[in-house]
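Secondary and tertiary structure notes
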Amino acid sequence: QVQLVESGGGSVQAGGSLRLSCAASTYTYTRHCMGWFRQAPGKEREGVAGIGSDGMSLYADSVKGRFTISQGNAKNTLYLQMDSLKPEDTAMYYCAAGFSMGCVGPRSLVQYWYNSWGQGTQVTVSS
């Protein structure tokens, strides 16, 4: 229902930074969850960072302290600031939006709770 478009991916050396952006076609209320997922070749898609229906941000252990998720004031944009990038961060990154108030806490990192997905943007980190 909601169209999402990611941008900002690219190639960077280990230790560098990238900022991913996600534009939504419609306004997203704060009670909805929004998040970033990633998938590397041969691996399952995993939740990276999410903002639950309560407005709290959560991060996967692998990125906590390095990545920061945030929303624009209009709630139709989502960002992922990625610092101290590692080669293990190399993956296709997807923006996602959920529309259930149950998408909160650890659920905001679970793809079951999301129903709209972007096409992805590639992030490649070289050592």
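Residues numbered from 1 in each chain as written. Predicted model: local features only at pLDDT ≥ 70, side-chain atom pairs only at ≥ 80, totals over all residues. Heavy atoms only, no water.

**Details of the overall build of the protein chain**
Definition in use: Helix and strand labels come from DSSP, where a helix needs a run of H or I of at least four residues and a strand needs a run of E of at least two; each type is numbered from the N terminus. Both definitions apply: the radius of gyration is a C-alpha atom measure, and the globule rule equals 2.2 Å times residues to the power 0.38. The classification of residues rests on relative accessible area computed with a 1.4 Å probe and restricted to protein chains. Under 20% of the type maximum is buried, over 50% is exposed, and intermediate values are partly exposed. In this analysis, two residues are considered to be in contact whenever any of their non-hydrogen atoms come within 4.5 Å of each other.
Helix and strand counts for the protein chain stand at zero helices and 11 strands. Put simply, the protein chain runs from its N terminus to its C terminus through helices and strands in the order β-β-β-β-β-β-β-β-β-β-β. For 127 residues, the compact-globule formula gives about 14 Å, and the C-alpha radius of gyration of the protein chain, at 13 Å, lands near that figure. When its C-alpha atoms are laid out on the principal axes, the protein chain stretches across 40 × 25 × 25 Å. Buried positions account for 43% of the 127 residues belonging to the protein chain. The contacts of the protein chain with a sequence gap of at least 6 include a subset with a gap of at least 24, amounting to 60%.

**Side note on the sheet that holds strand 3 (residues 18-24)**
For sheets, the rule is that strands pair by backbone hydrogen bonds, running either parallel or antiparallel. Inclusion rule: By definition, two strands form a pair when at least two bridges between them are found by DSSP. Only the stretch in contact is used when fitting a helix axis, every axis being a line fitted to C-alpha atoms; angles between N-to-C directions are given from 0 to 180 degrees.
Overall, antiparallel pairing links the four strands, which are arranged 1-3-8-7 in an open sheet. Because the sheet does not close on itself, it has two edges, and the strands there are strand 1 (4-7) and strand 7 (67-71). Mean inter-strand twist for the sheet, computed between neighbouring axes without regard to direction, equals 15°. Note that strand 7 and strand 8 (residues 77-82) share five bridges and pair antiparallel. By the bridge assignment for strand 8, Ile 69 is matched with Leu 80.

**A word on the side chain of Arg 66**
Condition: Contacts described as polar in this section are N or O atom pairs within 3.5 Å, which, within protein, must combine one atom able to donate a hydrogen with one able to accept it, while residues neighboring in sequence count only if both atoms come from side chains.
Its place among the elements puts Arg 66 in the loop between strand 6 (57-59) and strand 7. Arg 66 gets classed as buried once you look at its relative accessible area, which sits at 11%. Looking at Arg 66, its side chain comes within polar contact range of the main-chain oxygen of Ser 84, at 3.0 Å. Setting aside its immediate chain neighbours within four residues, Arg 66 contacts Gln 81, Met 82, Asp 83, Ser 84, Leu 85, Lys 86 and Asp 89.

**Observations concerning the pairing of strand 8**
Note that strand 3 and strand 8 share six bridges and pair antiparallel. Bridge pairing in strand 8 places Ser 21 opposite Tyr 79.

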